[in-house]
Amino acid sequence: MLNLELEKEVERDEVNDFLRNVSLHSDLRQQISYIASPEVVSSDFVGSTHAGIVDGLATIASGKHLVLYVWYDNEFGYSNQVIRIVEEIAGARPRVFPTRVDATEL
């Protein structure tokens, strides 16, 4: 859980739209994922290569106060982040193309 105090007020949908967009269309798409399902539990994320998966349904925004719930696989996700850093330093980072997004995921 990330409990944040921001400089300006935000809306829950604004934050979730931004994070979903980052997870799908930015250079961080391998690090950040997004889900909006009421039925997820921690074991659903075992084996995830992402540093964190934002749980959009759990986002709380109230004025300048923001709470994000982020799921992760501590060992496997971390290991994949280390591999990405080593690849970047070695100049051996493979190209990663966006995955196909099914309309039901939006």
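Calculation notes
Residues numbered from 1 in each chain as written. Predicted model: local features only at pLDDT ≥ 70, side-chain atom pairs only at ≥ 80, totals over all residues. Heavy atoms only, no water. Helix = DSSP H or I, 4+ residues; strand = E, 2+ residues; numbered from the N terminus. Buried < 20%, exposed > 50% of the residue type's maximum accessible area, 1.4 Å probe, protein only. Core = buried A, V, L, I, M, F, W, Y, C linked by side-chain atoms within 4.5 Å. Contact = heavy atoms within 4.5 Å. Pairing = 2+ DSSP bridges. Axes fitted to C-alpha atoms, helices over the stretch in contact; angles between N-to-C directions. Patch = residues over 30% accessible without salt bridge, like charges linked within 9 Å, V, L, I, M, F, W, Y side chains within 5 Å. Areas by Shrake-Rupley, 256 points an atom, 1.4 Å probe, with all protein chains shown as cover. Salt bridge = Lys/Arg side-chain N within 4 Å of Asp/Glu carboxyl O. Expected span 1.5 Å × (residues − 1). Arc of directions from axis to C-beta.

What the chain contains, in helices and strands, is two helices and six strands. Going from N to C terminus, the chain has its helices and strands arranged as β-α-β-β-β-β-β-α. Buried positions account for 28% of the 106 residues belonging to the chain.

Of all hydrophobic cores here, the largest spans seven residues; its members are V10, V15, L19, Y34, V54, L66 and L68. Among the secondary structure elements, those contributing two or more residues to this core are α1 (12-25) and β5 (65-68). Setting aside residues up to four positions removed in sequence, V10 forms contacts with V15, A61 and G63.

On the secondary structure map, Y69 appears in the loop between β5 and β6 (70-71). The class for Y69 is partly exposed, based on a relative accessible area of 34%. Between the C-alpha atoms of Y69 and M1, which are 68 residues apart in sequence, the distance is 4.4 Å. Once you skip the residues sitting within four places of it in the chain, Y69 turns out to touch M1, I53, V54, D55 and A58.

Moving on, we come to the sheet that holds strand β2 (residues 32-35). Read across the sheet, three strands follow the order β2-β3-β6 without closing on themselves; strand pairing throughout is mixed. Sheet topology places β2 and β6 at the edges, where each strand pairs with a single neighbour. On top of the sheet, α1 reaches β2 and β3 (52-55); it is set at about 125 degrees to β2, its chief contact.

Our focus in this paragraph is a nonpolar patch on the surface. Together, M1, I60 and Y69 line one region of the surface with nonpolar side chains, adding up to about 310 Å² of accessible area. By the secondary structure assignment, M1 is in the segment before β1 (2-5).

Here helix α2 (residues 74-90) spans 24 Å end to end across 17 residues, near enough to the 24 Å set by a 1.5 Å rise per residue. Residues of α2 that are buried: G77, N80, Q81 and R84. Along the long axis of α2, the arc covered by the buried residues comes to 100 degrees, so they all point the same way. The exposed residues of α2 that point more than 90 degrees off its buried face are E75, Y78, I89 and A90. Positive backbone phi, at 70 degrees, marks G91, one or two positions downstream of α2.

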